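# Commentary on secondary and tertiary structure
Each chain, written out:
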Amino acid sequence: MLRAGMVRQSSAGIYSWLPLGLRVLKRVEQIVREEQDRSGAQEILMPTIQPAELWRESGRYDDYGKEMLRIKDRHEREMLYGPTNEEQVTEIVRASIKSYRDLPKNLYHIQWKFRDEVRPRFGVMRGREFLMKDNYSFDLDAAGAKHSYNKMFVAYLRTFARMGLKAIPMRADTGPIGGDLSHEFIILAETGESEVFCDRRWLETDILAEEVDYDSDLEPFFRHWTSLYAATDEMHKPEVCPIPAEELVTARGIEVGHIFYFGTKYSRPMGAVVTGADGAEVPLEMGSYGIGVSRLVGTLIEANHDDAGIIWPEAVAPFRVGLINLRPADDKCRAAAEDLYGKLRGAGLDVLYDDRDESPGAKFAAMDLIGLPDQLIIGPRGLAAGNVEWKQRRSGARQDLPLDAVVQRFAT
Ligand code: ATP
Ligand code: MG
């Protein structure tokens, strides 16, 4: 990412996102947003800076420890840079939702978090400041809360699949968030930080093949996708593993998402209650759900690269096409390249136009490094025959295309 000019480190685990990196981050964010919206969750935006009192109400202000960045404002009021938002969102909901009729609710936001990680490493994969999509579900009872959990389970599988990633849900420990039921969504990759285990059949599944109705009973779907064995290091016990060694895949994994059901852990101490149908007050049943949006950018590269650089899947590529003009000083080449650039953009395509005064070798290497799905190369020799060279980044396949057939080929 550094070599491709996507990000620049500001201090340990804190990065600026440069134009190319930001485009990918935005595309990843948009896929996450679309799948949240599809599931019925509603977008809000909560602040990064939170008051300490809220965290005293839940009892987590002291528990959270050194990962939390604590700040005092000019009036000596204790504040913090949010590592997560359970308290903040519970405060919003307790102030605005009073009746069971207003349930269920599922609120999400996509906002920067800060966790003062002991060992920030692997660039944006384990940063201190990072972008997360987090959402919070509120239900009247445990059955409703499980339905909300199942919705997120489906939405997460769909979200990662749309990016071309296979995320395997694994039964997980609940950690400092607390609670009863939890799954981590793990991408298999050699550079993963933890060891994971799963049924070999996971490698052949296709999530998007199934259309899911979020209002239907999602329990069968949930049971189906959790029936194939998958476990993180902490949860895997070789003695009791239900599948034979030859069916078991042992690999490294990257956690890209994590979902929790924790009932009334926050609503009870914070007094987030509604009046039920019988007039009695009941604390809300809650769950929380996180996706590492900025971590996904690094994860996508881990899953899609070769020795020359990145190979973006179309769904998240910063530009659809890279147009290389090999001879910007040549009038004919420049006219043809600029004409094609205009037409491709006119057809609604994102095009990166390389008209720099650099050697062809440097341009080819840079274009391969930044990994746009398709490259179009204009040079004097091809142009004389009315052709553009088309190179597909993933396969490396090259062919000549007649200049007037290019737009047609890429317009969707
Ligand atoms: P990890 O086990 O990797 O430290 P976590 O379990 O503490 O993560 P959660 O609280 O579950 O993280 O946060 C939700 C998601 O946010 C994670 O699944 C991960 O994708 C992402 N995430 C968490 N910590 C970081 C970080 N330091 N840098 C980038 N992304 C992160
Ligand atoms: Mg986690």
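One structure accompanies this document, and this report is about it. Per-chain numbering applies: the sequence of each chain, read as written, is numbered from 1 onward. Ligands are numbered from 1 and chains lettered from A, in the order in which they are written. A pLDDT threshold of at least 70 governs which residues receive local features in this predicted model, and a stricter bar of 80 or more applies before side-chain atom pairs are shown or counted, although totals over entire chains, interfaces and linings include all residues. The side-chain numbers reported here are obtained from all heavy atoms of the structure, hydrogens and water having been left aside.

### A closer look at the overall build of the protein chain
Here a strand is any run of E in DSSP of at least two residues, a helix any run of H or I of at least four, and the numbering for each starts at the N terminus. Along its length, the protein chain carries 12 helices and 23 strands. With respect to the three principal axes, the spread of C-alpha positions in the protein chain is 80 × 60 × 40 Å. Relative accessibility decides the category of a residue: with a 1.4 Å probe and only protein chains considered, values under 20% of the type maximum give buried, values over 50% give exposed, and everything between is partly exposed. Taking all 412 residues of the protein chain together, 52% fall into the buried category. Contacts are assigned to residue pairs that have any heavy atoms within 4.5 Å of one another. The contacts of the protein chain with a sequence gap of at least 6 include a subset with a gap of at least 24, amounting to 71%. All accessible-area figures derive from a Shrake-Rupley calculation using a 1.4 Å probe, and residue coverage is judged against the displayed protein chains alone. Of the roughly 19200 Å² of accessible surface on the protein chain, 49% is carried by carbon and sulfur atoms. When charges are counted, Lys and Arg contribute as positive and Asp and Glu as negative, whereas His and the chain ends are disregarded. A charged residue contributes its charge at one atom only: NZ of Lys, CZ of Arg, CG of Asp or CD of Glu. The protein chain carries 53 positive and 65 negative side-chain charges, and their two centres are separated by 4 Å.

### Digging into unusual backbone geometry
Geometrically, the link from Leu 103 to Pro 104 is a cis peptide bond, its omega value of -5 degrees lying close to zero. Here Pro 104 is to be found in the loop between helix 4 (86-96) and strand 7 (105-114). A positive phi angle, near 65 degrees, is found at Glu 76, a position not held by glycine. Relative to the elements of secondary structure, Glu 76 occurs in the loop between strand 5 (69-72) and strand 6 (78-81). With a phi close to 55 degrees, Phe 122 is a non-glycine residue in the positive phi region. Positionally, Phe 122 belongs in the loop between strand 7 and strand 8 (129-139).

### Here we look at empty space enclosed by the protein
A pocket here means an open set of points on a 1 Å grid, computed over the protein atoms alone, that has protein on both sides within 12 Å along at least five of seven lines. A cavity is instead a set of points where a 1.4 Å probe fits but cannot get out; residues with an atom within 4 Å of a point line either one. Grid points are joined across faces, edges and corners, and a volume is the space filled by probe spheres set on the points. Following the criterion strictly, the structure yields 1 cavity of 30 Å³ or more and no others. Counted as a void, the largest cavity has a volume near 40 Å³. Around the largest cavity sit Tyr 15, Trp 17, Trp 112, Val 124, Gly 127, Glu 129, Phe 130 and Ser 294, which together line it. Sorting the residues of the lining of the largest cavity by element identifies strand 2 (14-17) and strand 8 as the ones contributing at least two each. Amino acids are sorted into nonpolar (Ala, Val, Leu, Ile, Met, Phe, Trp, Tyr, Cys and Pro), charged (Asp, Glu, Lys and Arg) and polar (every other residue, Gly among them). For the lining of the largest cavity, the class distribution of residues is 5 nonpolar, 2 polar and 1 charged.

### A short note on the packing of aromatic side chains
Only centres within 6.5 Å qualify two rings of Phe, Tyr or Trp (six-membered ring in Trp) as a pair; their planes then separate them into stacked at under 30 degrees, edge-to-face at over 60, and tilted for everything else. Scanning all chains against the criterion turns up 14 aromatic pairs. Relative to Phe 410, the ring of Trp 390 lies with its centre 5.7 Å away and its plane at 85 degrees, an arrangement referred to as edge-to-face. Of this pair, Trp 390 sits in strand 22 (residues 387-392) while Phe 410 sits in helix 12 (residues 406-410), and the two are 20 residues apart along the sequence. Judged by relative accessible area, Trp 390 falls into the buried class, the value being 6%. Note on Phe 410: relative accessible area 3%, which makes it buried. A network of ring pairs unites the aromatic residues Tyr 149, Phe 153, Tyr 156, Phe 160, Phe 185, Phe 222 and Tyr 289 as a single cluster. Taking the ring centre of Tyr 61 as reference, the NZ or CZ of Arg 70 above it sits at 4.6 Å. Each ring is checked for a lysine NZ or an arginine CZ that lies within 6 Å of its centre and within 35 degrees of its normal; such an atom marks a charge sitting over the ring.

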